[in-house]
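# A structural walkthrough
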Protein chains: 2
Amino acid sequence: MNRRVRQQDIARKLGVSINTVSLALKDSGRINEDTKLKVQEVAKALNYIPNSIARSLVQKRTFVIGFILPSITNPIQIETAQNIERKLLANGYNMMLMTSDYDKNYETKALDILLSRQVDGIFMFPTDIQNQKKSQEKIKAIRDANYPIILLSGGNFNLPSDSVYMNQYLGAYKATRHLTSMGHKEIAIIYGGARNTEKHQGYIAALKDSGLEYNPNQVATVGNSSYEQGYRAASKILRNGSVTAILASGDYLALGALRWCREQGLRVPEDVAIIGFDDLEASRFAEIPLTTITYKVEELTTRATELLFSLISDQETSTWLKPRKVEIEPTLVVRQSCGFKKRSGELL
Amino acid sequence: MNRRVRQQDIARKLGVSINTVSLALKDSGRINEDTKLKVQEVAKALNYIPNSIARSLVQKRTFVIGFILPSITNPIQIETAQNIERKLLANGYNMMLMTSDYDKNYETKALDILLSRQVDGIFMFPTDIQNQKKSQEKIKAIRDANYPIILLSGGNFNLPSDSVYMNQYLGAYKATRHLTSMGHKEIAIIYGGARNTEKHQGYIAALKDSGLEYNPNQVATVGNSSYEQGYRAASKILRNGSVTAILASGDYLALGALRWCREQGLRVPEDVAIIGFDDLEASRFAEIPLTTITYKVEELTTRATELLFSLISDQETSTWLKPRKVEIEPTLVVRQSCGFKKRSGELL
DNA sequence: TTGTAGGCGTTATCAA
DNA sequence: TTGATAACGCCTACAA
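Residues numbered from 1 in each chain as written. Chains lettered and ligands numbered in written order. Predicted model: local features only at pLDDT ≥ 70, side-chain atom pairs only at ≥ 80, totals over all residues. Heavy atoms only, no water.

## Brief notes about the pairing of strand β10 (residues 291–294) of chain A
Residues and elements named next belong to chain A. Note that strand β9 (residues 273–278) and β10 share 4 bridges and pair parallel. Bridge pairing in β10 places Gly276 opposite Thr292. Pairing analysis gives 2 bridges linking β10 to strand β12 (residues 332–333), with the strands arranged antiparallel. For Thr292, the partnering residue across the bridge sits in β12 and is Val333. (Pairing = 2+ DSSP bridges. Helix = DSSP H or I, 4+ residues; strand = E, 2+ residues; numbered from the N terminus.)

## Description of the protein's contact with DNA strand D
As a matter of local geometry, DNA strand D sits amid 23 residues, with A:Ser17, A:Asn19, A:Thr20, A:Lys60 and B:Tyr48 nearest to it. Taking B:Asn19, its side chain carries an N or O atom lying 3.3 Å from a base nitrogen of DNA strand D. Interatomic distance of 3.4 Å between a backbone N/O atom of B:Asn51 and a phosphate oxygen of DNA strand D. Secondary structure elements with two or more residues in the surface near DNA strand D: α2 (18–25) and α4 (52–59) of chain A together with α2 (18–25) and α4 (52–59) of chain B. It is α4(B) that contributes the most residues to the surface near DNA strand D, 4 residues altogether. Residues of the surface near DNA strand D, tallied by class, amount to 7 nonpolar, 10 polar and 6 charged. (Near = heavy atom within 4 Å. Polar contact = N/O pair within 3.5 Å; in protein donor to acceptor, adjacent residues only side chain to side chain. Nonpolar A, V, L, I, M, F, W, Y, C, P; charged D, E, K, R; others polar.)

## Some thoughts on the pattern of salt bridges
All names here are of chain A. All told, the structure shown has 28 salt bridges over all chains when counted by the stated rule. In this structure, Glu298 engages Lys87 in a salt bridge whose closest nitrogen and oxygen atoms are separated by 3.1 Å. Taken as a pair, Glu298 in helix α13 (residues 297–313) and Lys87 in helix α5 (residues 75–89) lie far apart in primary sequence, 211 residues in all. For Glu298, a relative accessible area of 45% corresponds to the partly exposed category. Its relative accessible area of 18% is what places Lys87 among the buried residues. One salt bridge connects Arg143 with Asp162, and the closest N-O pair in it is separated by 2.7 Å. One end of the pair, Arg143, is in helix α7 (residues 133–144); the other, Asp162, is in strand β5 (residues 162–166), with 19 residues separating them in the sequence. (Salt bridge = Lys/Arg side-chain N within 4 Å of Asp/Glu carboxyl O. Buried < 20%, exposed > 50% of the residue type's maximum accessible area, 1.4 Å probe, protein only.)

## Brief notes about the interface of chain A and chain B
Every contact between the two is made by 61 residues of chain A and, on the other side, 62 residues of chain B. Summing the contributions of chain A and of chain B, the shared interface buries around 5,800 Å²; its carbon and sulfur component is 50%. Scanning the region where chain A abuts chain B turns up 2 salt bridges. Its salt-bridge partner being B:Glu228, residue A:Arg284 comes within 2.7 Å of it at the nearest N-O pair. Secondary-structure elements contributing two or more residues to the side of chain A that touches chain B are α4, α5, β2 (94–99), α6 (104–116), α10 (227–238), α11 (251–263) and α12 (281–284) of chain A. Looking at the side of chain A that touches chain B, the element that brings in the most residues is β2(A), giving 6 residues. When its residues are assigned to classes, the side of chain A that touches chain B shows 29 nonpolar, 15 polar and 17 charged. (Contact = heavy atoms within 4.5 Å. Buried area = accessible area lost by both parts, 1.4 Å probe.)

## A short note on the packing of α10(A) against α11(A)
All names here are of chain A. Look at α10 against α11: their axes get within 6 Å of each other, and the N-to-C directions meet at 55 degrees. Viewed along their axes, α10 and α11 adopt a mutual orientation that is oblique. You can see that α10 and α11 cross each other, and the crossing is right-handed. When α10 is examined against α11, the residues Tyr227, Gln229, Gly230, Tyr231, Ala234, Ser235 and Leu238 are found in contact with a partner set consisting of Tyr252, Leu253, Leu255, Gly256, Ala257, Arg259, Trp260, Cys261 and Glu263. Residues belonging to the contact of α10 with α11 are distributed by class as follows: 10 nonpolar, 4 polar and 2 charged. (Axes fitted to C-alpha atoms, helices over the stretch in contact; angles between N-to-C directions. Parallel < 35°, antiparallel > 145°, perpendicular 65-115°, else oblique. Left-handed = near helix turned anticlockwise from the far one by under 90°.)

## Topic: the relation of the copies chain A and chain B
Mapping chain A onto chain B is achieved by rotating through 180 degrees and translating by 0.0 Å along the same axis, at an RMSD of 0.1 Å. Both copies of the chain, as the preceding transformation shows, are related through a two-fold rotation axis. By C-alpha distance to the rotation axis, the residue of chain A lying nearest is A:Met96, at 2.5 Å. Most of the interface of chain A is mirrored in chain B, where 100% of its interface residues are also at the interface. (Least-squares fit on C-alpha atoms with pLDDT ≥ 70 in both.)

## Here's the deal with the sheet that holds strand β12 (residues 332–333) of chain B
Residues and elements named next belong to chain B. Spatially, the 6 strands line up as an open sheet ordered β7-β6-β8-β9-β10-β12, and their pairing is mixed. This sheet does not close on itself; its edge strands, each paired only once, are β7 (219–222) and β12. Taken together, the 3 bridges between strand β8 (residues 245–248) and strand β9 (residues 273–278) define a ladder with parallel strand orientation. The residue bridging Ala245 from the neighbouring strand is Ala273, located in β9. Across the sheet, helix α10 (residues 227–238) is in contact with β6 (187–192), β7 and β8; its angle to β7 comes to roughly 150 degrees.

## Side note on the domain arrangement of chain A
Parsing chain A into structural domains produces domain 1 (7–48), domain 2 (62–152 + 297–329) and domain 3 (168–295). The gap between the C-alpha centroids of domain 1 of chain A and domain 3 of chain A is 63 Å. (Domains from an automatic or database assignment.)

## Concerning the environment of A:Glu329
Residue and element names in this part refer to chain A. Checked against the element boundaries, Glu329 lands in the loop between β11 (325–328) and β12. Between the C-alpha atoms of Glu329 and Tyr295, which are 34 residues apart in sequence, the distance is 8.9 Å. Those residues in contact with Glu329 that lie beyond four places of it in its chain are Met166, Leu170, Lys174 and Lys296.

Pasting the structure below:
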């Protein structure tokens, strides 16, 4: 690769010092207008591009924020990432995205990589954090070092971490209660990737509050949150007859299950009611529009970036005393797949 | 933020020189085993994390690869990114992802940011590159500086750039020919975001080769490639009766169109045939499984990373003489939406 | 096997 | 308003 143009090259060409160039390029007020213009002109002519690595080294800031998520396949996670990227960009930051593939070892490794790259802060969708002693300790250590890290999940009540998240417990609770209120007594739940503890507890609590018993046989965990796996999960859970309703931890899972039902001649919602999670666009446009629990991306990312920036700028002050937990309440969007009838011709 | 641990801190603690620490940490052979172990022990105890910014500055390599794509909403682009990220990771590289939002100005700005951050190479899904003089020049300049950049699109035949891409011309050609072979004479095409020149020319060529005339009124370009916009496009293009087939530049567009047809009482494929692009999972699981053109992500990313790494390692040699163009041939996957009948019970 | 010295490209500090 | 000088943390020579 050809040698990059440096400030020194500009300086030499003009017979001034590097310092002058540096000041001129950052449009400093305390420099002669003429020299400033000359420097900027030469910089442009030589196609000078500042080396932000060098700048970062001395300033101890990279203006890069790390983002760790389990799977890029999950539209919600990706949308969250994109949304945050936009907000960061507006503040002069870039984002470094890392996927953990639901691999707990890689998750902590990703943290190390980001720290090594000196990112100014980290967002993270943790994988099954309740059961990850190692991740927990690492996250705690990072925060203890006054290093901004924000979790986008709420399943870490004992962990002193700053968090912004949808209340998944409540989402599952609302969905399950809706189903029981419509008379369902055998309600299955399916998970992709790993069982979500919060959702699971919401589900169990709703059953209990409805006077129903929790039946572990009505829980299925499949490989990931795709259509394919939802299709598989439905075939497992519905084969033995009694189940009349399914709560799926993601909309794709729900839509895959819906497809299986149709192929088996089961009517949705008459024979099987289905509710998903996340309110993806695909759910609105499905053959049987899907009842689902919202994921408020815009609200979540707004709160999350606010929190991150306050941590970044309020170094060492009261912001750091007590981790903040920002909880966002999901709502149930009732469409056709759980029994509600659509009026003809209307696009839900 | 608390002060980070440096090699110097380890050195001081052990009463050795920084150089010893540096060598020990990189597991150099020419150092005493004992001191090496002691250094590594202390490093671990102090929770030392190497500062890759400093390392990059001296080594002139960051082990970061930039990736520019127009929209994170597009599942194919994201899958490509993820796929490439995995392959990079296996080689010790990380990825910096930037979205251009189909904004041509931001595209060149993203290039500058990546260059400034000293990434070791760049992948890019260009936006409408044929009509972007500015982007073209920039890309050419980057390559002329022996800086590895690979375009993931083929619509730049005059541009001396290394490229790995699906042959979209051929894809559109195949799809259109398939429709004409089934007797369709009024075939519309819809685009999301921007008109894709390659696809457009394939479409026109196929019409011509089938003895049909190109009718600009049967072309619609909508805001993006979502279900919503496909729904809108269908309402525009089908309102005036004559069209009997739609080719959509993306599967979500196609599925949105499908939804509109169903709501209007139009049968697919009997009244309207629909073909999409990209072969997303959603297409396989749709109410009417979608006929579509494949996007061979795995093959594409494999070839693309191979090419990038060869450019990175073969600095200054023959690799650089002539830009390489790797073209991947798409295939037509025939499902129900264009007239082919599914056998009952079979999951396509 | 280890230590010393110099430099990567930039910014910050202080003097001129 | 400018210039010299010293960092930033690490690596690569080369010397000891």
